[in-house]
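# Topology and contacts: notes
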Amino acid sequence: MKEHNYSSWALDTLLVHSNQFNYTSNNSGIPSVEPISTSTTYLHRNAEMLDQAFSGISPSGEPAYVYARQGNPNAQTLEKVLTQAEKGVGAVVFASGMAAIHAALLASGLASGSKILAAQDLYGPTIGMLRTVFVPIGVELVLQDLCSPQVIETVRAEQPDVIYIETLSNPLTRVIDLDVISAIAKEVGAVSIVDSTFTTPYLIKPIDHGFDLVIHSATKYLGGHGDATAGVVISARNNLVEQLRGYATMLGAMLSPFDSYLITRGLKTLALRMERQCNNALEISQFLQKHKAVERVHYPGLPTHPQHELASRLLMNRHFGGLLAFELKEQTREAAYRFMDRLQLCLPATTLGDVYSEVSYPALSSHRNLTTSERQKFGITDGCIRLSVGIEDVNDLLYDLDQALLSH
Ligand SMILES: *Cc1c(COP(=O)(O)O)cnc(C)c1O
């Protein structure tokens, strides 16, 4: 390990060596793990060097810092590795996934008179932000089913300025064809944005599929340990990186050095965790599909999933994610509560992507603001349970699920 040529590295290698970027053969005695720089302020030898530091680069070409809100070494290390992982030209990290989404929407140019076309089954708070922050300033919001075969006609008819999707929908894991969306976005001149939180760069690199901006709630799989809230936007275009940086600095939603460190540390095992989580999720899906208390399982790795073929084409490493949903035969809230309360290993948690398995009940959490009939329209029944599969031994998980289902 001397000079890093990380552009040739596979994702797992890149992530493991992510915070050693400053290691070069002409400095010795430096720590192998980048220290956490808590300083809010960075000093420079003279006024001229301070002036130069405002550009972000020192005279010798090293990164230069002035004030932590404008950038700090730990955030920059994380931005570098995520840029490489997603094959973008730059990235900006934020204090949460929601802050990242906010900045991405602003950077895309959404303003009074512009139109955004978004997938109807987006993460609830994202739709909430569009409705309460952007619609009141004069942005037109159109929500549509963007998994539908008519998506090309829909986009041509709407002529949006921005198209916003998620790689896999919550909780039913519906798959959107990223190649079709990015091609039609280019045709109508729209900025394309995708939230890839559920898939991570282990399963898909949306920039390779023609997307302009990729968002992650790094709180989920990227961090992976349930101990840090963070978000990131990776850009395929330099002008959008500048916009994002400008908004990050102005809105003050920068990620702290400590949280940057935690996410960078979590990323080192992303590939390993994803591999285990995807394998566990497939095995659990197959088990649940045969279980007498289960009506239906939604997992893109099952041949019965309506978009299994599309998922096989889009998702890498022959894996299909760590998230699945299933419906109890007894489709009532009481049955769902009984099941969740009987679980001994899987934690009842509204989040996902952690090393431990987590169950949530969409009617109570992500989709609680919808009426029963609205939920039904989206295919979310009262017996629908979401499972974010962790890295535990799969037999322990199967045992726990089975004993909780046996009450049915
Ligand atoms: C959790 C989540 C977000 C929001 O991220 P926070 O880090 O909680 O702000 C956005 N999109 C998706 C798909 C999520 O799961």
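Anyway, here's the lowdown on the structure attached to this text.

Parameters at a glance
- Residues numbered from 1 in each chain as written.
- Predicted model: local features only at pLDDT ≥ 70, side-chain atom pairs only at ≥ 80, totals over all residues.
- Heavy atoms only, no water.
- Helix = DSSP H or I, 4+ residues; strand = E, 2+ residues; numbered from the N terminus.
- Polar contact = N/O pair within 3.5 Å; in protein donor to acceptor, adjacent residues only side chain to side chain.
- Contact = heavy atoms within 4.5 Å.
- Core = buried A, V, L, I, M, F, W, Y, C linked by side-chain atoms within 4.5 Å.
- Buried < 20%, exposed > 50% of the residue type's maximum accessible area, 1.4 Å probe, protein only.
- Near = heavy atom within 4 Å.
- Areas by Shrake-Rupley, 256 points an atom, 1.4 Å probe, with all protein chains shown as cover.
- Nonpolar A, V, L, I, M, F, W, Y, C, P; charged D, E, K, R; others polar.

## Notes on the side chain of Thr197
Position of Thr197 relative to the elements: it lies in the loop between β5 (191-195) and α8 (200-203). From its side chain, Thr197 meets the backbone nitrogen of Ser217 in a polar contact 2.9 Å long. Beyond its immediate chain neighbours, meaning those up to four positions away, Thr197 contacts Ile215, His216, Ser217, Lys220 and Tyr221.

## What about the nonpolar core?
By size, the foremost hydrophobic cluster in this structure holds 118 residues, and its most contacted members are Leu105, Ile284, Phe326 and Phe339. The residues touching Phe326, leaving out its near neighbours within four places in the chain, are Leu288, Val294, Arg296, Val297, Phe339, Gly383, Cys384, Ile385 and Leu405.

## Some points on the environment of Ala99
Position of Ala99 relative to the elements: it lies in helix α4 (residues 97-107). Once the C-alpha coordinates of Ala99 and Gly231 are considered, the two residues, 132 residues apart in sequence, prove to be 6.9 Å apart.

## Digging into the site of the ligand
Neighbouring the ligand are 13 residues, the closest being Gly97, Asp195, Ser217, Thr219 and Lys220. Between the ligand and Thr219 there is a distance of 2.6 Å, counted from an oxygen atom to a side-chain nitrogen or oxygen. When isolated, the ligand has an accessible area of 380 Å², and the protein chains bury 90% of it. In the shell around the ligand, the residues fall into 6 nonpolar, 5 polar and 2 charged.

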